[in-house]
Amino acid sequence: MKIDAEQECMRRGESGQALSLAMETLIKYGEAFKAQRLVKIKSAHVAGSFGIFSIRGLYEILARIKADNLKVKVPTTINPRPGESLHLLNKIIFGKQNYLEECFKGMGVTNNYSCVCYEGLNRPAFGDVLAWAESSAVQYANSVIGARTNRNSVLIDICSAITGYVPEFGYLLDEHRRGKILVKLDITEMDASALGFIIGRRVVDKVPVIEHYPFSTSELKNMGGAMAASGAVALFHVIGVTPEAPDVQSIFDGKPENEITITQADLDALRTCKPERATSVVFGCPQMTYEEAMELAVYFDKRKVSIPTSFFMIPEAKSRFEKTDMGVAVMKSGVKLRDFCPVAGFSLRFGNKHILTPSGKCFYYLSGTDYGTVYECLRACGVV
Ligand code: F3S
């Protein structure tokens with residue numbers, strides 16, 4: 001791999017040992033994937049936001065960064081908090097939360113605490129090179145915005161944030177952004193999150209190209225999050241909707257490797273639970289935007305939920321929403337507005353035997369959770 005003068009200075013340790021180790025790590029990471037060079041990034045997004053007491057290696061590395069007083073070189077945001085104050089057991093499991101947050105604050109990381117960073121403080125432009133972790137954010141940046149990032153891991157994201165570089169391979173290069181699998185739709189009632197879940201399972205890590213459907217940005221967010229969880233998809237295209245796929249001819253190199261068709265029966269088969277059996281309902285994962293909360297709010301106005309129901313929201317969106325009349329109406333109905341990650345927060349369940357969710361990502365990661373459409377979830381909490 002070619003290293004320029006600035007990168008070589010960092011590697012030699014002229015700005016301290018921690019930065020030297022970060023640069024060495026990025027070089028080795030790049031060499032493993034046959035990268036030819038390191039390229040500058042416009043922003044970073046870090047995913048290691050859960051202060052789990054047992055991951056000592058991470059805290060040792062953060063301590064070294066703190067000792068050398070290293071700061072991030074590009075705007076850097078961070079994933080949601082884990083809901084450490086939800087329950088005594090969470091307080092114990094996430095016992096290093098305060099320490100972790102102090103370290104990130106010291107590095108200059110923006111304390112947005114959201115996986116939907118692109119809706120606010122970290123909105124890239126088409127073609128920007130990024131070093132993001134968090135599969136749902138990577139998916140949105142690549143697919144919907146047309147920025148370029150690999151699915152980086154926890155720690156690689158930090159190495160990139162403090163050096164300002166990332167190795168150039170994978171989704172940073174044109175040839176890996178081409179479509180591989182054509183996805184045809186035979187669907188009468190769209191459920192984008194379920195569709196994303198099924199596509200992720202079927203294509204695993206290939207780049208799917210979905211035939212034209214007028215998905216909203218919320219649907220693209222929720223579909224992408226599910227696809228990136230049930231598979232390892234980091235980039236999808238929708239013909240005539242996402243920026244790199246104006247038509248079928250220009251997104252494939254010749255013909256697709258394969259074609260698959262997703263049917264209404266495939267979507268229906270994902271719905272595993274009768275709404276009557278649900279003991280609680282979780283909306284939002286990736287975290288809910290202000291607009292999504294407003295859309296759902298109309299169902300809760302002047303109604304009471306019959307079982308515990310939560311909206312998991314972007315913290316900034318929650319602050320805005322709870323000040324509105326609709327936000328107040330939703331809270332009066334008994335819905336809890338929360339600004340952390342449901343998967344981390346509810347991993348111990350706390351008596352929630354049958355959580356029902358319309359989020360394909362939450363369904364995948366929160367074990368024992370059932371999947372339902374938005375309407376089924378509204379029925380389960382007794383407002384329709
Ligand atoms: Fe975000 Fe947590 Fe879901 S990080 S995508 S709310 S699993």
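As a reminder, the structure under discussion sits directly above these lines.
Residues numbered from 1 in each chain as written. Predicted model: local features only at pLDDT ≥ 70, side-chain atom pairs only at ≥ 80, totals over all residues. Heavy atoms only, no water.

J.: Go over the sheet that holds strand β9 (residues 258-263), please, and point to the residues and values.
T.: One open sheet holds the four strands; their spatial order is β8-β7-β6-β9, and the pairing between them is parallel. Unpaired on one side and paired on the other, β8 (237-238) and β9 mark the two borders of the sheet. Relative to β9, strand β6 (residues 181-186) runs parallel, the two sharing six bridges. In the sheet register, I181 faces β9, and the bridge partner there is N258. Across the sheet, helix α8 (residues 192-203) lies against β6, β7 (208-210) and β9, angled at about 150° from β9, the strand it touches most. (Pairing = 2+ DSSP bridges. Helix = DSSP H or I, 4+ residues; strand = E, 2+ residues; numbered from the N terminus. Contact = heavy atoms within 4.5 Å. Axes fitted to C-alpha atoms, helices over the stretch in contact; angles between N-to-C directions.)

J.: Before we move on, can you summarise the pattern of salt bridges with the specific residues and values?
T.: For the coordinates displayed, the defined rule picks out 24 salt bridges. Close ionic contact of E14 with R12 constitutes a salt bridge, the shortest N to O distance being 2.6 Å. As far as the burial class goes, E14 and R12 line up, both exposed. Taking the shortest distance from any N to any O, the salt bridge between K206 and E257 comes out at 3.1 Å. In this pair, K206 sits in the loop between α8 and β7 while E257 sits in the loop between α10 (248-251) and β9, placing the two residues 51 residues apart along the sequence. (Salt bridge = Lys/Arg side-chain N within 4 Å of Asp/Glu carboxyl O. Buried < 20%, exposed > 50% of the residue type's maximum accessible area, 1.4 Å probe, protein only.)

J.: Help me get a handle on the side chain of Q264, residues and values and all.
T.: Within the secondary structure, Q264 is located in helix α11 (residues 264-269). The exposure class of Q264 is buried, given its relative accessible area of 16%. Once residues lying within four places of it in the same chain are set aside, the contact partners of Q264 are D186, I187, T188 and E189.

J.: An account of the packing of aromatic side chains is requested, with residue identities and associated values reported.
T.: Per the stated rule, a full pass over the model turns up 17 aromatic pairs. Ring plane angle 85° and centroid distance 5.4 Å describe the contact between Y29 and F169, whose orientation is recorded as edge-to-face. Of the two residues, Y29 is situated in helix α2 (residues 17-32) and F169 in the loop between β5 (165-167) and β6; the sequence distance between them amounts to 140 residues. Take F169: its relative accessible area is 9%, and that puts it in the buried class. Each ring, one from F312 and one from F340, has its centre 5.4 Å from the other, and the planes form 80°; the classification is edge-to-face. A residue pair is termed long-range when its members are at least 10 positions apart, and F312 in strand β11 (residues 309-313) and F340 in the loop between β12 (336-338) and α15 (342-345) qualify at 28 residues. Of the aromatic side chains, those joined through ring pairs into one cluster are F197, F363, Y364, Y365 and Y371. Against the face of Y113 rests R81, its NZ or CZ located 4.0 Å from the ring centre. When the ring centre of Y99 is taken as reference, the NZ or CZ atom of K96 above it lies at 4.8 Å. (Phe/Tyr/Trp six-rings, centres within 6.5 Å; stacked < 30°, edge-to-face > 60°. Lys NZ or Arg CZ within 6 Å of the ring centre and 35° of its normal.)

J.: Which residues make up the sheet that holds β11, and what values go with them?
T.: Taken together, the five strands give an open sheet; going across it, the order is β12-β11-β10-β13-β14, and neighbouring strands pair in parallel fashion. A strand with exactly one partner marks an edge of an open sheet, and here the two such strands are β12 and β14 (370-371). Of the pairings in the sheet, the one linking strand β13 (residues 355-357) to β14 comprises two bridges and is parallel in character. Following the sheet pairing, T357 is matched in β14 by Y371. Helix-sheet contacts for helix α12 (residues 290-297) involve β10 (280-288) and β11, and the interaxial angle to β10 is about 150°.

J.: I'd like to hear about the state of the cysteines, residue by residue, with values.
T.: Scanning the model with the defined rule gives zero disulfides in all. Of all cysteine sulfurs, the one in C159 lies closest to C9, which takes part in no disulfide; the gap is 18 Å. (Disulfide = S-S within 2.5 Å.)

J.: So what's going on with the site of the ligand? Residues and values would help.
T.: Taken together, N79, P80, C115, E134, S136, C285, P286, C341, P342, V343 and K361 make up the full set of residues adjacent to the ligand. Going through the elements one at a time, β10 and α15 are the ones with two or more residues in the shell around the ligand. Grouping the constituent residues of the shell around the ligand by class yields seven nonpolar, two polar and two charged. (Near = heavy atom within 4 Å. Nonpolar A, V, L, I, M, F, W, Y, C, P; charged D, E, K, R; others polar.)

J.: Outline the nonpolar core, supporting the account with residue identities and numerical values.
T.: By size, the foremost hydrophobic cluster in this structure holds 68 residues, and its most contacted members are I210, M223, F283, F300 and F311. With seven residues, the single largest contributor to this core is α8. Beyond its immediate sequence surroundings of up to four residues, I210 is in contact with V183, L185, I199, F215, M223, M227, F236, H237, V238 and I239. Ranked by size, the runner-up nonpolar core spans 38 residues in total, among them A18, M23, I41 and F104. (Core = buried A, V, L, I, M, F, W, Y, C linked by side-chain atoms within 4.5 Å.)

J.: Describe the packing of helix α6 (residues 135-145) against helix α9 (residues 217-230), listing the residues and the values that go with them.
T.: At a minimum axis distance of 8 Å, the contact between α6 and α9 shows a crossing angle of 125°. Put simply, α6 runs oblique to α9. The two elements α6 and α9 meet at a crossing, and its hand is right-handed. Of the residues in α9, those in contact with S135, S136, Q139, Y140 and V144 of α6 are T217, L220, K221, G224, G225, M227 and A228. Across the contact of α6 with α9, the residue classes tally to five nonpolar, six polar and one charged. (Parallel < 35°, antiparallel > 145°, perpendicular 65-115°, else oblique. Left-handed = near helix turned anticlockwise from the far one by under 90°.)

J.: Let's hear about unusual backbone geometry: which residues, and what values?
T.: For residues that are not glycine, phi is negative in most cases, and the peptide bond is trans in most cases. Going from C285 to P286, the amide bond is cis rather than trans, its omega being 0°. With respect to the helices and strands, the residue P286 is situated in strand β10. Residue E134 is not a glycine yet carries a positive backbone phi of 80°. By the element assignment, E134 lies in the loop between β4 (130-132) and α6. Backbone geometry at K302 places phi at a positive 60°, although glycine is not the residue there. Turning to its location among the elements, K302 is positioned in the loop between α12 and β11.

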